[in-house]
Amino acid sequence: ARVRYIDRFGRRALMLTGLTLMGFGVGVLGIAFLVDNNDLALAILAIISILIFVTGFEMGPGPLFFVIMSEIYPNTVRGRAMSFINGIQWLLNLVISLFF
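About the thresholds
Residues numbered from 1 in each chain as written. Predicted model: local features only at pLDDT ≥ 70, side-chain atom pairs only at ≥ 80, totals over all residues. Heavy atoms only, no water. Helix = DSSP H or I, 4+ residues; strand = E, 2+ residues; numbered from the N terminus. Rg over C-alpha atoms; globule rule 2.2 N^0.38 Å. Contact = heavy atoms within 4.5 Å. Areas by Shrake-Rupley, 256 points an atom, 1.4 Å probe, with all protein chains shown as cover. 1 Å grid on protein atoms, 1.4 Å probe; cavity = no way out; pocket = protein on both sides within 12 Å on 5 of 7 lines; lining within 4 Å. Points joined across faces, edges and corners; volume = space filled by probe spheres on them. Nonpolar A, V, L, I, M, F, W, Y, C, P; charged D, E, K, R; others polar. Phe/Tyr/Trp six-rings, centres within 6.5 Å; stacked < 30°, edge-to-face > 60°. Buried < 20%, exposed > 50% of the residue type's maximum accessible area, 1.4 Å probe, protein only. Salt bridge = Lys/Arg side-chain N within 4 Å of Asp/Glu carboxyl O. Axes fitted to C-alpha atoms, helices over the stretch in contact; angles between N-to-C directions. Parallel < 35°, antiparallel > 145°, perpendicular 65-115°, else oblique.

Secondary structure summary: the protein chain contains five helices and zero strands in total. When the helices and strands of the protein chain are listed from N to C terminus, the series reads α-α-α-α-α. Here the protein chain has a C-alpha radius of gyration of 17 Å; the compact-globule value for 100 residues is 13 Å, and the former is much larger. Along the first, second and third principal axes, the C-alpha set of the protein chain runs to 55 × 35 × 20 Å. A fraction of 59% describes how many contacts in the protein chain between residues 6 or more apart in sequence connect residues 24 or more apart. When the accessible surface of the protein chain is totalled, it reaches about 7,500 Å², and 72% of it is carbon and sulfur.

Structural data, given as structure tokens:
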């Protein structure tokens, strides 16, 4: 389903929109944590900002990572290179999950 949007809107537009939403979500989340009133409205704002961040990631860097990786390698090494890069990505996801 995401490939349809990549073909329709283009990689650059989706990446810029996704990164903008991610930056906005992180900025609002930082402000919500900076205020720190123990207020229900700030808690809801923090949750909404996290949802905006995840939406931005799913629009841009999330699916486009695999599309871009499949296009930058030549056909002779594409399978091995994508396997290696995907393994590194999963390893780094594990490291981030363990220490965050």
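Back to the text.
The next subject is the layout of surface pockets. Within this model, the largest pocket holds a volume of roughly 150 Å³. Contributing elements (two or more residues each) for the lining of the largest pocket: helix 3 (40-59) and helix 5 (78-99). The element contributing the most residues to the lining of the largest pocket is helix 5, with three residues. Tallied by class, the residues present in the lining of the largest pocket amount to three nonpolar, two polar and no charged.

Turning our attention to the packing of aromatic side chains. Evaluation of the coordinates by the stated rule reveals one aromatic pair. For the ring pair phenylalanine 65 and phenylalanine 66, a centre distance of 5.0 Å and an interplane angle of 80° mean the geometry is edge-to-face. Accessibility expressed as a relative area gives 25% for phenylalanine 65, which makes it partly exposed. With relative accessibility at 36%, the residue phenylalanine 66 sits in the partly exposed group.

Turning to the pattern of salt bridges, a few remarks are in order. Under the definition given, this model contains one salt bridge. For glutamate 71, the salt bridge goes to arginine 11, with nearest N and O atoms at 2.6 Å. On the criterion of sequence distance, the pair formed by glutamate 71 in helix 4 (residues 61-72) and arginine 11 in helix 2 (residues 11-35) is long-range, its members being 60 residues apart.

Following both chains from N to C, one finds helix 3 and helix 4 inclined at 20°, their axes separated by 4 Å at the closest point. Relative to helix 4, helix 3 is oriented roughly parallel. Here helix 3 contributes Gly56, Phe57, Glu58 and Met59 to the contact with helix 4, which in turn contributes Pro61, Gly62, Pro63 and Leu64. Split by residue class, the contact of helix 3 with helix 4 holds five nonpolar, two polar and one charged.

Glancing now at the environment of isoleucine 50. Mapped onto the elements, isoleucine 50 comes out in helix 3. Looking at isoleucine 50, the relative accessible area reads 42%, which means it is partly exposed. Separated by 22 residues in sequence, isoleucine 50 and isoleucine 72 place their C-alpha atoms 31 Å apart.

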